[in-house]
Every structure is written in C-alpha cells, then in structure tokens.
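# Reading the structure
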Amino acid sequence: MAGPSDQLLLPVNPWFLALTLMLAFAFNLVPVGRVPWLPDFVAIALVFWNVHQPRRVGVGVAFLLGLAMDVHDGAVLGQHALAYTLLSFLAITIHRRLTGFTPLSQMFQVLPLFFAAHAVSLMVRMFAGGMFPGWSILLAPVFEALLWPVADWLLLAPQRRAPDRDQNRPLL
C-alpha cells in the first residue's frame, strides 16, 4: 500500500533524519520555564520517524534521546527515557496500519500514544516524590497530536520532490 496520496516517496536522507531529531531536541531546550502544556517536539519527531523509518529510528534512539532530555531537565534519570522508549515501541507497533491513513486521521491514532508517554513520565515523576504539575499537563498530548499534520507535511517534504527534474515535465 503506497499510502493515502498514492505518491511514491524518495528515500529519506539519513542526514536529514538526524538533523530533524537534533532540531526537535533543540526546540525542547528553549528556556520557556516549567510550562506543563507545551508539546514535546522530540516525542513528535520520534513518533514520526518510528512510523516512517522504523528500521533507522528505533527504541535505542528513543532511549538515548530520553536520557539526554533527563539530563537537560534535571529530571529523574530514566523518566523521559522510559516514556520515549514506550512511545517508540507503540509507534513501531502500529506503523504499518498508520501509513494507510491521511495525516488528519493519523492525528487521532497517535493521540493515545502521546497520552501514554505523558502518563508514564508523570508516574515516574510522582513516584520519585515530585509535585503534580496541574491538570494543564493533559493539554500537551493534545497539542502534540494537533502538530502531527504539520510534522507530516514538513518532514515528508524533501521526499516528495521529483527524483529527476525535467523542464518538459510539470512535476513538483
């Protein structure tokens, strides 16, 4: 099955894949304070690449990015690592089914994944003696799911270009 658009995509450039994960990590590092409803850009990028490139971005990459986020946030070591690992596992589990839907339909299917990752992260934080960040934390997975179509459009854009441009053919 080629997907909802039936457009053949070019292979992903490994450097682009790594760059997007690093940029997502950099967006998470922006100092905005402790705002619990902010979306986790690493989680969005991880799920996207787990769905579209499960052999290149797997549970190990998720674990390493989670450890890096734990160190940056000063969180319990393993809090983000466990959440990202679970998120990655769940995304790889549904990746074949997910690619058959439009990005808007995919948005509703990745929403439970984002909720599960935030729930695991919150449970680890609470078991370690942390404070409850408030009910606004429930908005973060919703915002992440709402950003899914934007991430799909942005991250697949380099793969949608024509493999060999020709002035006589009106391809994208």
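Source: prediction; values computed, not measured. (Residues numbered from 1 in each chain as written. Predicted model: local features only at pLDDT ≥ 70, side-chain atom pairs only at ≥ 80, totals over all residues. Heavy atoms only, no water.)

### Things to note about the packing of aromatic side chains
Evaluation of the coordinates by the stated rule reveals six aromatic pairs. Measuring from ring centre to ring centre gives 5.6 Å for Phe 27 and Phe 41, while their planes differ by 55°; the resulting arrangement is tilted. Remark: Phe 41 occurs in helix α2 (residues 41-52) and Phe 27 occurs in helix α1 (residues 14-29); sequence separation between them is 14 residues. Taking the relative accessible area as the measure of exposure, Phe 27 reaches 51% and is therefore exposed. (Phe/Tyr/Trp six-rings, centres within 6.5 Å; stacked < 30°, edge-to-face > 60°. Helix = DSSP H or I, 4+ residues; strand = E, 2+ residues; numbered from the N terminus. Buried < 20%, exposed > 50% of the residue type's maximum accessible area, 1.4 Å probe, protein only.)

### A short note on the nonpolar core
Counting residues in hydrophobic clusters, the biggest one holds 35 residues, and the most contacted among them are Leu 21, Leu 46, Val 47, Trp 49, Tyr 84 and Phe 114. Those elements that place two or more of their residues in this core are α1, α2, α3 (59-73), α4 (79-93), α6 (103-127) and α8 (148-160). Ranked by the residues each element gives to this core, the list is headed by α2, at nine residues. (Core = buried A, V, L, I, M, F, W, Y, C linked by side-chain atoms within 4.5 Å.)

### Comments concerning a nonpolar patch on the surface
Taken together, Leu 19, Met 22, Leu 23, Phe 27, Val 30, Val 32, Trp 37, Leu 38 and Leu 139 make up a surface patch of nonpolar side chains, about 820 Å² in accessible area. Tallying contributions element by element places α1 first for the nonpolar patch, with four residues. The exposure class assigned to Leu 23 is partly exposed, which follows from its relative accessible area of 43%. (Patch = residues over 30% accessible without salt bridge, like charges linked within 9 Å, V, L, I, M, F, W, Y side chains within 5 Å. Areas by Shrake-Rupley, 256 points an atom, 1.4 Å probe, with all protein chains shown as cover. Salt bridge = Lys/Arg side-chain N within 4 Å of Asp/Glu carboxyl O.)

### Things to note about the side chain of Asn 28
Mapped onto the fold, Asn 28 is located in helix α1. A polar side-chain atom of Asn 28 sits 3.0 Å from the main-chain amide nitrogen of Phe 41. Not counting the four nearest positions on each side in its chain, Asn 28 is found in contact with Pro 39, Asp 40, Phe 41, Val 42, Met 69, His 72 and Tyr 84. (Polar contact = N/O pair within 3.5 Å; in protein donor to acceptor, adjacent residues only side chain to side chain. Contact = heavy atoms within 4.5 Å.)

### Things to note about the environment of Phe 41
According to the relative accessible area criterion, Phe 41 is partly exposed, its value standing at 29%. For Phe 41, the residues in contact, after removing those within four places along its chain, are Ala 24, Phe 27, Asn 28 and Leu 147.

### Describing the layout of surface pockets
Each pocket or cavity is described by its volume, and for the largest pocket that value is around 940 Å³. Lining the largest pocket we find 37 residues, and of these Arg 34, Val 35, Asp 73, His 80 and Arg 125 sit closest to its centre. Looking at the lining of the largest pocket, the elements that each hand over two or more residues are α1, α2, α3, α4 and α6. Split by residue class, the lining of the largest pocket holds 23 nonpolar, nine polar and five charged. (1 Å grid on protein atoms, 1.4 Å probe; cavity = no way out; pocket = protein on both sides within 12 Å on 5 of 7 lines; lining within 4 Å. Points joined across faces, edges and corners; volume = space filled by probe spheres on them. Nonpolar A, V, L, I, M, F, W, Y, C, P; charged D, E, K, R; others polar.)

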